[in-house]
Amino acid sequence: MALQSAAYMRRVDSENTPPTARASTKSSKVRNGIQAASRRRRALASSGTHHPRHAVVHAKKRKTQTQSKYPPTSVRMDVPTLSRDVEMGDSTPVSMSTASVSLPRRLARPEAVTEIPESTLKAVAPELVNTHMDYILEGLECVGPDMLRVLAGIKAESVSNILPKELSIIVNDLSSDMPTHMFAVFSSRQPATARRRVTLFPAHNLVFAIHCANLPILPVPQPTFPECAGQEIKVPVVPLCIPAPEVFPQLSTFLYTKRIDHLLGSLLPCPSPPQLYRDDPATVMPLLEEFAQKLAQTYTAQALLMHIGRAHGMWRNAIALGIADERLWCALDVAWEVLLTSLAISTGKPHLMSETA
């Protein structure tokens, strides 16, 4: 089993490991700040049509339209591929062939949204059990970026081929709550005989428990809070099997920040016009087609197909984890429509999109 740390999980020389932090009696900064953060969010909220809340409303509207008017279909496109005999050198002629790919016309949403069990919230934050879920989500949205910044400063000890039950990490940012677990993420599509590739990601149990209805049971961590930067804490390691580990960092970041623009930036080859996810879907189709035309003229069909694979992987992860966040689904809707339209234009079959609409 090969273990690979995430980009921000640098290896630490065990001889230079600072003293271990003691178990803390301090209250959670995040849980204590949820009420105040939620009030700040409401005070700063805009009532204009470009406020992110409108993306939620229109995503729900689109979901209803999709289920009632548009039965699930697929589109088939012939994507050009290049082949070259590398042993013959650069002067070898490049031969052109095509590969037929079948893609779902739309990314189906779960037929039934699974509610987050009360027992799950009680296990990770018992003091919030009687707090309305929307209230918790609003508070997390305000403090999530601070929590993410803490994760960016984490350094983990190197690991062997055997996944440990807990891992020592060095904390360099104390601006928010410490991570509670280390996810050992691996692919559910890996052949049983293949050497398993595992990537480690620190995480906060509250963020994932509140968003992921299908999250495995998390071991109870020992609450610790370093008194200064550079101290060590231990966190439980949780194996997490998902369909597309390569896009887990982008999904995790979104759960902390709720930034649709950043998520779309990771799924599309270039930034998209904000109107695509802020305005009513019924009014933005001309702009969407214009943007898709730009992508088709700028990027190859192979590059567009690669981004389609990333968006599809994000969708499979959301389904597997049971994530019902409307802004996530809004972003997936926009990315999928843009990418399929641009690929249809690139392959000379723009009519496929109107025929299956």
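Our subject is the structure that appears above.
Residues numbered from 1 in each chain as written. Predicted model: local features only at pLDDT ≥ 70, side-chain atom pairs only at ≥ 80, totals over all residues. Heavy atoms only, no water.

### Some thoughts on the packing of helix 9 (residues 285-298) against helix 11 (residues 326-346)
The contact between helix 9 and helix 11 brings their axes to 8 Å, and the two run at 55°. On the basis of the axis angle, helix 9 is oblique to helix 11. Handedness of the helix 9/helix 11 crossing: right-handed. Facing helix 9, whose interface residues are Met285, Leu288, Phe291, Ala292, Gln293, Leu295 and Ala296, helix 11 presents Glu337, Val338, Thr341, Ser342, Ile345 and Ser346. Residues of the contact of helix 9 with helix 11, tallied by class, amount to eight nonpolar, four polar and one charged. (Axes fitted to C-alpha atoms, helices over the stretch in contact; angles between N-to-C directions. Helix = DSSP H or I, 4+ residues; strand = E, 2+ residues; numbered from the N terminus. Parallel < 35°, antiparallel > 145°, perpendicular 65-115°, else oblique. Left-handed = near helix turned anticlockwise from the far one by under 90°. Contact = heavy atoms within 4.5 Å. Nonpolar A, V, L, I, M, F, W, Y, C, P; charged D, E, K, R; others polar.)

### Quick notes on the side chain of serine 272
In this structure, serine 272 sits in the loop between helix 7 (260-267) and helix 8 (275-278). For serine 272, a relative accessible area of 14% translates into the label buried. With sequence-adjacent residues up to four places away left out, serine 272 is seen in contact with Leu264, Tyr277 and Phe291. (Buried < 20%, exposed > 50% of the residue type's maximum accessible area, 1.4 Å probe, protein only.)

### Focus: the nonpolar core
Proteins that are soluble and globular tend to have nonpolar side chains buried together. Residues Leu140, Phe183 and Phe208 are the most contacted members of the largest nonpolar core, which totals 74 residues. For this core, the element with the highest residue contribution is helix 11, accounting for 13 residues. The contacts of phenylalanine 208, once residues within four sequence positions are left out, are Phe183, Ala203, Leu215, Phe248, Ser252, Leu255 and Tyr256. Core analysis: the next-biggest nonpolar cluster, separate from the first, contains 16 residues, Ile154, Ile169, Met178 and Met182 among them. (Core = buried A, V, L, I, M, F, W, Y, C linked by side-chain atoms within 4.5 Å.)

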